Amino acid sequence: MTEPLLSLRGVNKSFGAVHVLRDVDLDVAAGEVTALVGDNGAGKSTLIKCVAGIHPVDDGEIRFEGRPVSIHGPKDANALGIEIVYQDLALCDNLDVVHNLFLGREIHSGITLNETEMEKRAGETLKSLSVRTLRSLRQNVSSLSGGQRQTVAIARAVLWNSKVVILDEPTAALGVAQTEQVLNLVRRLADNGLGVVLITHNMADVMRVADSIATLYLGQMAAQVRAKDVTNRQVVELITTGQTDVLAGVA
């Protein structure tokens, strides 16, 4: 078995007297979708914020591409190639698609913006993801549907040669057709060799696109299993009880 792209071992995180994460292990492989699931309060958001450098871990180890790394802030995570698409997407409605993709990382030509180069790279990125739902790269984000906005946020994450993309509830507010569009994009990210972490409460989404399922229960990793080896019911029981005996017979 090859070394995971991102690996967490024995990660702990407390806020005062509240022990939010307890000895959490997690593996994210390149070319796969790892679904991170758990009930509200299980610790999913805290775990991801530790990977993103927003919260420092109290103890434990984070390894990236086989070597131990220290992540002291979001810039450290970005430098490794870790990008996160949060649920609020952090898009600017008054800017067009190109300017949203390069927000905070604009390409300059002297003292002016290099609009031609940014538009070219934006188009290439969207083409590489087989995105064909945008009418124009110059339309304002305010005019886009929910699925299109999610697509722009994901494209922004992969524009910077990222290796791991973490998606926080990407289909939560979407209809059936838009959910299909986003799930297809999630699958293409993995097929392009990225390690994808999908945080979701939607078990249909999990069973549809995940290669691996990691289940958090009250701050502990109940189990990380191959999606093909478990049923929807078994995963739900892991989420609600944290009892691994439901996995009897699972390799």
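What counts, and at which threshold
Residues numbered from 1 in each chain as written. Predicted model: local features only at pLDDT ≥ 70, side-chain atom pairs only at ≥ 80, totals over all residues. Heavy atoms only, no water. Helix = DSSP H or I, 4+ residues; strand = E, 2+ residues; numbered from the N terminus. Expected span 1.5 Å × (residues − 1). Buried < 20%, exposed > 50% of the residue type's maximum accessible area, 1.4 Å probe, protein only. Arc of directions from axis to C-beta. Contact = heavy atoms within 4.5 Å. Core = buried A, V, L, I, M, F, W, Y, C linked by side-chain atoms within 4.5 Å. Domains from an automatic or database assignment. UniProt positions renumbered as here; feature names shortened; annotations may be inferred. Buried area = accessible area lost by both parts, 1.4 Å probe. Salt bridge = Lys/Arg side-chain N within 4 Å of Asp/Glu carboxyl O. Polar contact = N/O pair within 3.5 Å; in protein donor to acceptor, adjacent residues only side chain to side chain. Nonpolar A, V, L, I, M, F, W, Y, C, P; charged D, E, K, R; others polar. Pairing = 2+ DSSP bridges.

Going by what an unreviewed UniProt entry lists, the protein chain is known as Monosaccharide ABC transporter ATP-binding protein (CUT2 family) and is assigned to Solirubrobacter pauli.

On to helix α4 (residues 115-128). When the terminal C-alpha atoms of α4 are compared, their 20 Å separation across 14 residues agrees well with the 20 Å that a helix rising 1.5 Å per residue should span. Buried within α4 we find M118, A122, T125 and L126. All buried residues of α4 fall inside an arc of 95 degrees around its axis, so they share one side. Of the exposed residues in α4, those oriented more than 90 degrees away from the buried face are T116 and K127. Where α4 is buried, its residues contact α3 (97-101), β8 (112-113) and α5 (146-158). Just downstream of α4, S130 is the residue with a positive phi angle, here 60 degrees.

V97, L101, F102, L167, L189 and V196 are the most contacted members of the largest nonpolar core, which has 38 residues in total. Those elements that place two or more of their residues in this core are α3, α4, α5, β9 (164-168), α6 (176-191) and β10 (195-199). When residues of this core are assigned to domains, at least three fall in each of domain 1 (6-81 + 162-247) and domain 2 (96-160). The contact partners of F102, leaving out residues within four places of it in the chain, are I107, M118, R121, A122, L159 and W160. In terms of nonpolar packing, the next biggest core, distinct from the first, is built from 31 residues, V24, L26, V69 and V164 among them.

What follows concerns unusual backbone geometry. In this structure, S130 is a non-glycine residue whose phi angle is positive, near 60 degrees. Overall, the relative accessible area of 28% leaves S130 in the partly exposed class. The backbone of L218 sits at a positive phi, close to 50 degrees, despite the residue not being glycine. Looking at the secondary structure, you find L218 in the loop between β11 (212-217) and β12 (220-226). Using a relative accessible area of 56% as the deciding quantity, one classes L218 as exposed.

The feature "domain: ABC transporter" (unreviewed entry), as given by UniProt, occupies residues 6-243 in the numbering adopted here. For residues 6-243, helix accounts for 34% and strand for 28%, while the C-alpha atoms at its two ends are 25 Å apart.

A common way to express how large an interface is: the accessible area buried when the components associate. Parsing the protein chain into structural domains produces domain 1 (6-81 + 162-247) and domain 2 (96-160). For domain 1 versus domain 2, the distance between C-alpha centres works out to 26 Å. On the domain 2 side, the residues contacting the 14 residues of domain 1 number 16 residues. Taken over both partners, the interface formed by domain 1 and domain 2 buries close to 1,200 Å², and the fraction arising from carbon and sulfur atoms is 59%. The largest per-residue losses of area from domain 1 upon contact with domain 2 belong to S162, Q181 and L185, which jointly make up 38% of the total buried on that side. Counting the contacts that link domain 1 with domain 2 gives zero salt bridges. Taken together, domain 1 and domain 2 are joined by nine residue pairs in polar contact (both at pLDDT 80 or more). Of all the secondary-structure elements, those providing two or more residues to the side of domain 1 that touches domain 2 are β9 and α6. With six residues, the top contributor of residues to the side of domain 1 that touches domain 2 is α6. For the side of domain 1 that touches domain 2, the class distribution of residues is eight nonpolar, five polar and one charged.

Further remarks concern the pairing of strand β3 (residues 33-37). The element β3 is extensively covered by neighbouring structure, given that five of its five residues are classed as buried. For β3 and β10, the ladder comprises four bridges, and the chain directions are parallel. Residue pairing across strands places T34 opposite V197, the latter belonging to β10.

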